[in-house]
Amino acid sequence: MPSRLSDAFKAHPVQLYPKHQDFNSLQELPDSYKWTQLDEYPSCESFSSESVPLIDLTDPNALTLVGHACKTWGVFQVTNHGIPTKLLDDIESVSRCLFSLPQQQKLKAARSPDGVSGYGLARISSFFPKLMWSEGFTIVGSPLEHFRQLWPQEYSKFCDIIEEYEKEMKKLAGRLMWLILGSLGICNEDIKWAGPKGEFQGASAALQLNSYPACPDPDQAMGLAAHTDSTLLTILHQNNTSGLQVLREGTGWVTVDPVQGALVVNIGDLLHILSNGLYPSVLHRAMVNRTRYRLSMAYLYGPPDSVQISPLSKLLGPSHPPLYRPVTWNEYLGTKAKHFNKALSCVRLCVPLNGLVDVNDHNRVQVG
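Computed from a predicted structure; not experimentally measured.

This brings us to the overall build of the protein. Helix and strand counts for the protein come out as 9 helices and 13 strands. Each of the 368 residues in the protein was classed as buried or not, and the buried ones make up 55%. Counting only contacts in the protein whose residues sit at least 6 apart along the sequence, the fraction spanning at least 24 positions is 77%. Entry remark: accessible area of the protein is about 16100 Å², with carbon and sulfur atoms responsible for 51%.

Another point: the nonpolar core. In a soluble, globular protein the nonpolar side chains are often hidden away together inside. Residues Phe137, Phe147 and Leu176 are the most contacted members of the largest nonpolar core, which totals 74 residues. Top contributing element to this core by residue count: helix 6 (residues 155-182), with 13 residues.

Relative orientation of the contacting elements helix 2 (residues 62-72) and helix 6 amounts to 75°, with a least axis distance of 8 Å. With respect to helix 6, the axis of helix 2 lies roughly perpendicular. Residue-level inspection shows Ala62, Leu63, Val66 and Cys70 of helix 2 in contact with helix 6, the latter providing Leu179, Ile180 and Gly182. Of the residues in the contact of helix 2 with helix 6, the class split is 6 nonpolar, 1 polar and no charged.

The next point concerns the sheet that holds strand 3 (residues 75-79). In spatial order, the strands read 2-3-11-8-13-6-5-4; together these 8 strands make up an open sheet with mixed pairing. Two strands close off the open sheet at either side, each with one partner strand: strand 2 (54-56) and strand 4 (118-120). Ignoring which end each strand starts from, the neighbouring axes of this sheet average 25° apart. Of the strand pairs in this sheet, strand 5 (residues 135-139) and strand 6 (residues 204-212) are connected by 5 bridges, and their pairing is antiparallel. Bridge pairing in strand 6 places Phe137 opposite Leu209. The strands that helix 3 (residues 85-99) touches are strand 4, strand 5, strand 6, strand 8 (233-238), strand 11 (263-267) and strand 13 (294-302); relative to strand 13, the one it contacts most, it runs at about 115°.

Parameters at a glance
- Residues numbered from 1 in each chain as written.
- Predicted model: local features only at pLDDT ≥ 70, side-chain atom pairs only at ≥ 80, totals over all residues.
- Heavy atoms only, no water.
- Helix = DSSP H or I, 4+ residues; strand = E, 2+ residues; numbered from the N terminus.
- Buried < 20%, exposed > 50% of the residue type's maximum accessible area, 1.4 Å probe, protein only.
- Contact = heavy atoms within 4.5 Å.
- Areas by Shrake-Rupley, 256 points an atom, 1.4 Å probe, with all protein chains shown as cover.
- Core = buried A, V, L, I, M, F, W, Y, C linked by side-chain atoms within 4.5 Å.
- Axes fitted to C-alpha atoms, helices over the stretch in contact; angles between N-to-C directions.
- Parallel < 35°, antiparallel > 145°, perpendicular 65-115°, else oblique.
- Nonpolar A, V, L, I, M, F, W, Y, C, P; charged D, E, K, R; others polar.
- Pairing = 2+ DSSP bridges.

So far we have only geometry, and geometry alone does not tell us how the molecule works.
Laid out in structure tokens, this is it:
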């Protein structure tokens, strides 16, 4: 998987890091980090009645609740998900230890401009004229090589935590996939690549650790600009500092407040394609805070390398033609690296017969 994922980005290298990357040394916001908000979407204040659905996975109605959340929001939070609290604390601790290392130490594990794994800027940075107030670390496969650079003496214990977290997340992702697909009336026979037991054994994944330091002028800064994920789904653990916002059609930006023990699940572009647009991928962004440090850990879940994702035949009919052509995750990552939020349009076959524009065309969102 690492080499195949790298192939998707080799034609679109990203500058590794800017001059001003040691955020702790900055007492005021440099011009290179000052964003002029040009969004046509308003921000929904925290006192609004709009809030992302919170679903207890042990609820007998979980399948129906998940389906409704996917259709109307594209994102939801889950409790009773089976991930041990200690493991969530441990992965947060690894992230905190990593990002608190001296800058020169972190750069020993720097991601190459055309690579996937390692320390560096968000890949979407190249689509914006301003820099984002964040730093990231991407893990694809084993982090052993990079962790040896970061912690020559202690790398083993950190690797063990990552390995355990990825194992548990993979199981949860498979469980969530069947809740989502089941809510569409899809069963194991309809997804050949799920395997005979429906365990998605060949699924691919990456782990993205994100750090959003306290910012001297958060109203003019952006932690991570508006984007959709190029995944089937993403499972996010965030610490107790708010910052994640999702775009709610007809409402604007809604903050996804952290809930103790809950995980955020959002629909990615590939599940948008698989559902033929019934479950849209959600546009989201990360804002920053003046006094509080925010961490997030995103498990990015996708199909096996060789599998072509296309609208499921059970969801198609005379009045519901396929809206998207088949595409592998690797191919779609390359399209996203080149066209960013226009990527879904690039693989679309036709406009829905009802004449509506695809709700996931976020070309209108402009931030710079």
